[in-house]
Amino acid sequence: MDIQFSARHFNASAGLQDRIQEEMDKLARFYPNITSASVILDHEVEHQRHCEITVNITGSQVVASADEENMGKAVDVTLERIKVQARGEALPLAFASAL
């Protein structure tokens, strides 16, 4: 899966990018209709970290974001929100393919 990373107002570590890549790869295994993703990490405000993930699924797009005190927590919350939305997008596709 093609993932674009963007870090605003700070340099995202390779470890953080690798962790997000691993989680997105796991998600793609369960939902093979995911084609690409965009990850925006922002550290503009002093005690607030923002993570936004956009996932392109065949025929639609899922977007989730979170604001937390640390970037790891923001990423975790955002990924969980993406998983919940991806389940909703995948169900109609599963029913359509069963017909």
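This one's a predicted model, so the numbers in the text were calculated from it and none came from an experiment.

1. Some thoughts on the nonpolar core
Nonpolar side chains in soluble globular proteins tend to end up buried together. If you look at the biggest cluster of nonpolar residues, it comprises 23 residues, and the most contacted ones within it are Met-24, Leu-41, Ile-53, Val-55 and Val-75. Elements represented by at least two residues in this core include exactly helix 1 (14-30), strand 2 (34-42), strand 3 (49-57), strand 4 (60-68) and helix 2 (71-98). The biggest single contributor to this core is helix 2, with 6 residues. Discounting residues that sit within four places of it in the chain, Val-55 has contacts with Met-24, Ile-34, Ser-36, Ala-37, Ser-60, Gln-61, Val-62 and Ile-82.

2. With respect to the pattern of salt bridges
As enumerated under the stated definition, the model contains 3 salt bridges in all. Residues Glu-23 and Lys-83 are paired through a salt bridge, measuring 3.7 Å at the closest nitrogen-oxygen approach. In this pair, Glu-23 sits in helix 1 while Lys-83 sits in helix 2, placing the two residues 60 residues apart along the sequence. Residues joined by salt bridges that share partners form a network here, namely Glu-23, Lys-26 and Lys-83.

3. Thoughts on helix 1
Given 3.6 residues per turn, any residue in an α-helix points the same way as the ones three and four places further on. With 17 residues, helix 1 extends 25 Å between its outermost C-alpha atoms, agreeing within 8% with the 24 Å of an ideal straight helix rising 1.5 Å per residue. Within helix 1, the full set of buried residues consists of Leu-16, Ile-20, Met-24, Leu-27 and Ala-28. Looking down the long axis of helix 1, one finds its buried residues gathered within 110 degrees of arc, a one-sided arrangement. Among the exposed residues of helix 1, those pointing more than 90 degrees away from its buried face are Ala-14, Glu-22 and Arg-29.

4. What to know about the side chain of Ser-36
Note that Ser-36 resides in strand 2. Here Ser-36 falls in the buried class, since its relative accessible area comes to 18%. Engagement of the side chain of Ser-36 in a polar contact is seen with the side chain of Asn-56, the distance being 2.8 Å. When near neighbours in sequence (up to four residues on either side) are disregarded, Ser-36 contacts Met-1, Asp-2, Thr-54, Val-55 and Asn-56.

Conventions and cut-offs
Residues numbered from 1 in each chain as written. Predicted model: local features only at pLDDT ≥ 70, side-chain atom pairs only at ≥ 80, totals over all residues. Heavy atoms only, no water. Core = buried A, V, L, I, M, F, W, Y, C linked by side-chain atoms within 4.5 Å. Buried < 20%, exposed > 50% of the residue type's maximum accessible area, 1.4 Å probe, protein only. Helix = DSSP H or I, 4+ residues; strand = E, 2+ residues; numbered from the N terminus. Contact = heavy atoms within 4.5 Å. Salt bridge = Lys/Arg side-chain N within 4 Å of Asp/Glu carboxyl O. Expected span 1.5 Å × (residues − 1). Arc of directions from axis to C-beta. Polar contact = N/O pair within 3.5 Å; in protein donor to acceptor, adjacent residues only side chain to side chain.

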